[in-house]
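Residues per chain, in single letters:
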Amino acid sequence: MSADFTGAVVLITGAARGQGRSHALAFAERGATVIALDACADIATVPYPLATSDDLAQTAHLIERAGGMCRTVRADVRNGDALRAAVTGILAEHGRLDVCVANAGIAGFGPVCELTDAQWATMLDVNLTGVFHTLRAAAPPMKEAGSGRIITIASMGGRAGTPNLGHYAAAKWGVIGLTKTLALELAGSGVTANVVCPGTVDTPMVHNPAMYGLFAPDIEDPTREDVAPRYRRLNPMAEAWTAPEDVTAAVLYLASPAARHVSGITLEIGAGVSARMQ
Ligand SMILES: NC(=O)c1ccc[n+]([C@@H]2O[C@H](COP(=O)([O-])OP(=O)(O)OC[C@H]3O[C@@H](n4cnc5c(N)ncnc54)[C@H](O)[C@@H]3O)[C@@H](O)[C@H]2O)c1
């Protein structure tokens, strides 16, 4: 995707690693100033480590090494005031906010009837309320400016039921409803709002012992090589997982001038799983 984002200011949540880092690098390489936001802290109900402040610094380092511009913000999307403060800071320093990618998220596992209150509440708090906080902070200055691109990251898990991920699926379906509603509320303002639904992506969210144990309960200490064929079976296109850059391409498209009349869609990067859905 060759769109030029010179002069644009882009806020990306969950940018310390994984897909968020890939989006951040891609925008910066195309001339944008990137505000990379991440909590950089573990969460008790999440069964794998989240990003660290070193990860966030590494995102900034990679951007600067590529000749791009990056500011880092350490904030938790569960804190609405922190998101408002982050956007206020962006406007004070840069005078504009052109693109917002609400990407921060967590995963966790368990059958619906075995989820604890804490697992449920934390999942909804980060993966749905966190997106709400991000959009509520970012959309008003875009509307006032008469232009802007809002992109939320849901999941193919937000397009169908997914055993052991009921709380995750509920939050991601919620992100789709929230984003489509915002798209209508902003229609005619010059601001678009769209959802990207990745399938399985090659990031730390899927490469950890907790997730491997879900896919290979019969193997002691399963490895990446052990689980790859099992992940692959999920996808008609026989990919075990897609690259973060595959999702970035969709994000860049939705942020580009070519997508100016695209709003309220869910763009699925699901390695063929979409063909099984209505
Ligand atoms: N990896 C996949 O297979 C997959 C599939 C579909 C959708 N997604 C979604 O893509 C997005 C990015 O995930 P990823 O694959 O890069 O995983 P990841 O775990 O590598 O990255 C998630 C990032 O979000 C940050 N984060 C988590 N909770 C936060 C909070 N409360 N406040 C601020 N930052 C927080 C983490 O520190 C981390 O840097 C998530 O919304 C995820 O649900 C992932």
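(A) Just the site of the ligand, in detail. If you check the shell around the ligand, you find 30 residues, and the closest are Asp38, Asn103, Tyr168, Gly199 and Thr203. One nitrogen or oxygen atom from the main chain of Gln19 is found 2.9 Å from an oxygen atom belonging to the ligand. Between a nitrogen atom of the ligand and a main-chain N or O atom of Ala39, the distance comes to 3.3 Å. In the complex, the protein chains occlude 98% of the 830 Å² of accessible area that the ligand would expose alone. Residue assignment for the shell around the ligand shows that the elements contributing at least two residues are α1 (18-29) and α5 (166-186). Looking at the shell around the ligand residue by residue, the classes come out as 17 nonpolar, nine polar and four charged.

(B) Broad picture of the nonpolar core. Counting residues in hydrophobic clusters, the biggest one holds 55 residues, and the most contacted among them are Leu11, Leu37, Leu97, Ile106, Ile150, Leu182 and Tyr231. In terms of residue count, the dominant contributor to this core is helix α4 (residues 117-145) (nine residues). When residues of this core are assigned to domains, at least three map to each of domain 1 (9-201 + 243-264) and domain 2 (207-240). The contacts of Leu11, once residues within four sequence positions are left out, are Ile35, Leu37, Val87, Ile90, Leu97, Val99, Cys100 and Val101. One finds Val101, Ile153, Val251 and Leu252 within the second-largest nonpolar core, a separate group that totals 37 residues.

(C) Inspection of α4 at higher detail. In this model α4 runs 41 Å from its N-terminal to its C-terminal C-alpha over 29 residues, within 8% of the 42 Å that 1.5 Å per residue would give. The sharpest bend along α4 comes to roughly 35 degrees, located at Thr129. In the stretch just after α4, Gly146 is the one whose phi turns positive, near 80 degrees.

(D) Broad picture of the side chain of Thr248. For Thr248, the position within the fold is in helix α8 (residues 244-255). Residue Thr248 is classed as buried on the basis of its relative accessible area, which comes to 4%. Apart from residues no more than four positions distant in its own chain, Thr248 is found in contact with Gln19, Ser22, His23 and Ala26.

(E) Region of interest: the sheet that holds strand β7 (residues 266-269). Read from one edge of the open sheet, seven strands run β3-β2-β1-β4-β5-β6-β7, paired in parallel fashion. Of all strands in the sheet, those with a lone pairing partner are β3 (69-74) and β7, marking the two edges. When strand polarity is set aside, the average angle formed by the axes of neighbouring strands in this sheet is 20 degrees. Pairing between strand β1 (residues 9-13) and strand β2 (residues 33-38): five bridges, direction parallel. Its bridge partner lying in β2, Leu11 is registered against Ile35. Docked against the sheet, α5 engages β5 (148-153), β6 (191-198) and β7, running at close to 160 degrees with respect to β6. Contacting β4 (99-102), β5, β6 and β7, α8 runs over the sheet at an angle of about 165 degrees to β6.

So, how was this worked out
Residues numbered from 1 in each chain as written. Predicted model: local features only at pLDDT ≥ 70, side-chain atom pairs only at ≥ 80, totals over all residues. Heavy atoms only, no water. Near = heavy atom within 4 Å. Polar contact = N/O pair within 3.5 Å; in protein donor to acceptor, adjacent residues only side chain to side chain. Areas by Shrake-Rupley, 256 points an atom, 1.4 Å probe, with all protein chains shown as cover. Helix = DSSP H or I, 4+ residues; strand = E, 2+ residues; numbered from the N terminus. Nonpolar A, V, L, I, M, F, W, Y, C, P; charged D, E, K, R; others polar. Core = buried A, V, L, I, M, F, W, Y, C linked by side-chain atoms within 4.5 Å. Buried < 20%, exposed > 50% of the residue type's maximum accessible area, 1.4 Å probe, protein only. Domains from an automatic or database assignment. Contact = heavy atoms within 4.5 Å. Expected span 1.5 Å × (residues − 1). Bend = angle between axes of the 7 residues up to and from the residue. Pairing = 2+ DSSP bridges. Axes fitted to C-alpha atoms, helices over the stretch in contact; angles between N-to-C directions.

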